[in-house]
Amino acid sequence: MKTLSIFLGLLSIIVFSSAVLPQQTPETAETYFKLGLADLEADRYETAEEYFSIALGVKPDHAAALLARAKTRHYKGDYSGALADANGAVKIDPALGEAYFLRARLRGFELINDIQEKRKDIAPDAVGKSVRLILEDYDAAVKNSYISVAVFKERGEHKCLLLSMCASAVADFDRAIAIEPGDIDLQERRTVAKFKSGDWQGATSDYLKITGRTAKKMPEGQIFKTKRSYQESRELAKEISGAIAQIFLKNSAAAMEDNSPEILITELNRGIALFPDNPALFAARANYGRFTNSKEFLESDALRMVELDPFNFQTQRTALHYLMGIQKCSRALELMNRAVLEDPRNAEAYLWRGNARSCSDDFQGALDDNDRAIALEPGNETFKANRANLLSRMQQTAESLETYSSVIEELEAKISSGQNENDVAKARREISYALISRSRIYAKQNMVKEAFADLDRAVEILPEFNNFRTRARAYLWQKDYEKAIRDYDEVIRLQPEALASYIDRGDVYFQMGNFESALRDYEKAAVLKGDIAELVQRKIAAAKAGLAAR
């Protein structure tokens, strides 16, 4: 391979020197151009670029070779080199439509990099100027007969998202859909553009097609039939905005599965910018912050969720969970005080207010609230298990163990009866929590055998993320590293977005002396934010030091 590289280098020098080899002809350039195309098609970018460069050395005005090399450099990530070649191709052949399209894309990458690197410092008028240049290239591509779904889709996106020219963007999405009529993504983007441009009827029509609903389900069997239906259209628009917001939630979920946090937060930020009144988007971003230890938006997003959906107890409870996770206990207590005032018969509101109080170490207040919840729902094992947990935190160990044992016995009976599938599923979840909690008390009492018996039963009943993680930590406590690794493998398989799990597994590998695996896990957690970021970097350095010392 090295010999071939040297040969190609020498050949390149010879070809570029027309004075030495005057016999070279345009046919020579075409030969190397075709060789380059074959390698480009086979994803052999290094040799493809060399062939295109040789062809251009023979025939510098070979516009197609410049465009091909621009593509090659683009695929290699050499955007500046690709942009220079695209500029050259357009200058040589102003009718080369694909060159304009590629240049539009490259200018788009350049703009995105400027925005990301300069963040808020980049001037809005500079962005607008750059976008208009990009749009001019898309226009030139179409004018010169380069027609494709990508051209219209990307031009529409630039118009609507960066210039607020959403009405004009609709025409682009229409043309893209005409080429690919079954592309749901294009239909969703057109719905967004129509909605943002104020075309309620068009947005509704698209929405109905995408969701498979029919106009007959709308008021009076027609949409926007009279002026009186204007308010109805506004209400429907809210429904449409919620449906469109799901696009961004779907994209962010896919990014989470692919372990791409940058894409995930970008999608959520875009969704929030478009639909600032959608609580689900704020909930998703808060959830992202919880998993990545990013506190930048966590508190404000949790409070915004409740502000937008003030009478939904599920929203209040989720927000409380996020706030307690960052020790914003007083904020969490405010939420649950309001929930209790709104519905004094809501047993769960007392339970969760008790949890907010325990967050501030007010265990007696928490126990009082928990007892109110039990009084409202005497047969609720969850409330009883929570009471046992509070008793444990108040150092009333014997009473706590007795309560847990009673709860576990009742739940085991429910599981054994198997009368109602939903009740059994709920009982499995509740008993797993109770077993995990009782195992912790046994561990504190150094009753190792009893603790692992509860952990094994919890995993058997409910083989989920938290149960495997808890048992993995218990194995680590006992220095049973192999079993700890097996459980952490399951933890990561079940919830790959919880990046802190990679730190935990990395710690086990580190203690085993497997520094290579430890480093690999630590580096996967390197995107975490906040206080934990510095800790991860220290662990990475320690793993590298361990490898170097071998």
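Structure shown above.
Residues numbered from 1 in each chain as written. Predicted model: local features only at pLDDT ≥ 70, side-chain atom pairs only at ≥ 80, totals over all residues. Heavy atoms only, no water.

### Considerations on the pattern of salt bridges
Working step 1: This structure, assessed with the given rule, holds 40 salt bridges.
Working step 2: Between Glu157 and Arg189 there is a salt bridge, with the nearest N and O atoms lying 2.7 Å from each other. Taken together, the positions of Glu157 in helix α8 (residues 149-163) and Arg189 in helix α10 (residues 184-196) put the pair 32 residues apart, joining distant regions of the chain.
Working step 3: A relative accessible area of 18% means that Glu157 is categorised as buried.
Working step 4: The closest approach of N and O atoms between Asp369 and Arg353, which form a salt bridge, is 2.8 Å. Placement of Asp369 in helix α19 (residues 363-376) and of Arg353 in helix α18 (residues 347-359) is noted, with a sequence separation of 16 residues between them. For the pair Asp369 and Arg353, one class covers both residues: buried.
Working step 5: Here the residues in one salt-bridge network are Glu46, Glu49, Arg69, Arg73, Lys76 and Asp85, joined through shared partners. (Salt bridge = Lys/Arg side-chain N within 4 Å of Asp/Glu carboxyl O. Helix = DSSP H or I, 4+ residues; strand = E, 2+ residues; numbered from the N terminus. Buried < 20%, exposed > 50% of the residue type's maximum accessible area, 1.4 Å probe, protein only.)

### Structural notes on the packing of helix α21 (residues 397-417) against helix α22 (residues 421-444)
Working step 1: At a minimum axis distance of 9 Å, the contact between α21 and α22 shows a crossing angle of 155°. When the axis of α21 is compared with that of α22, the two are roughly antiparallel. The two elements α21 and α22 cross, and the hand of that crossing is left-handed. Across from Thr397, Ser400, Leu401, Tyr404, Ser405, Val407, Ile408, Leu411, Glu412, Lys414 and Ile415 in α21, the residues of α22 making contact are Val424, Ala427, Arg428, Glu430, Ile431, Ala434, Leu435, Ser437, Arg438, Ile441 and Tyr442.
Working step 2: Considered class by class, the residues forming the contact of α21 with α22 number 13 nonpolar, 4 polar and 5 charged. (Axes fitted to C-alpha atoms, helices over the stretch in contact; angles between N-to-C directions. Parallel < 35°, antiparallel > 145°, perpendicular 65-115°, else oblique. Left-handed = near helix turned anticlockwise from the far one by under 90°. Contact = heavy atoms within 4.5 Å. Nonpolar A, V, L, I, M, F, W, Y, C, P; charged D, E, K, R; others polar.)

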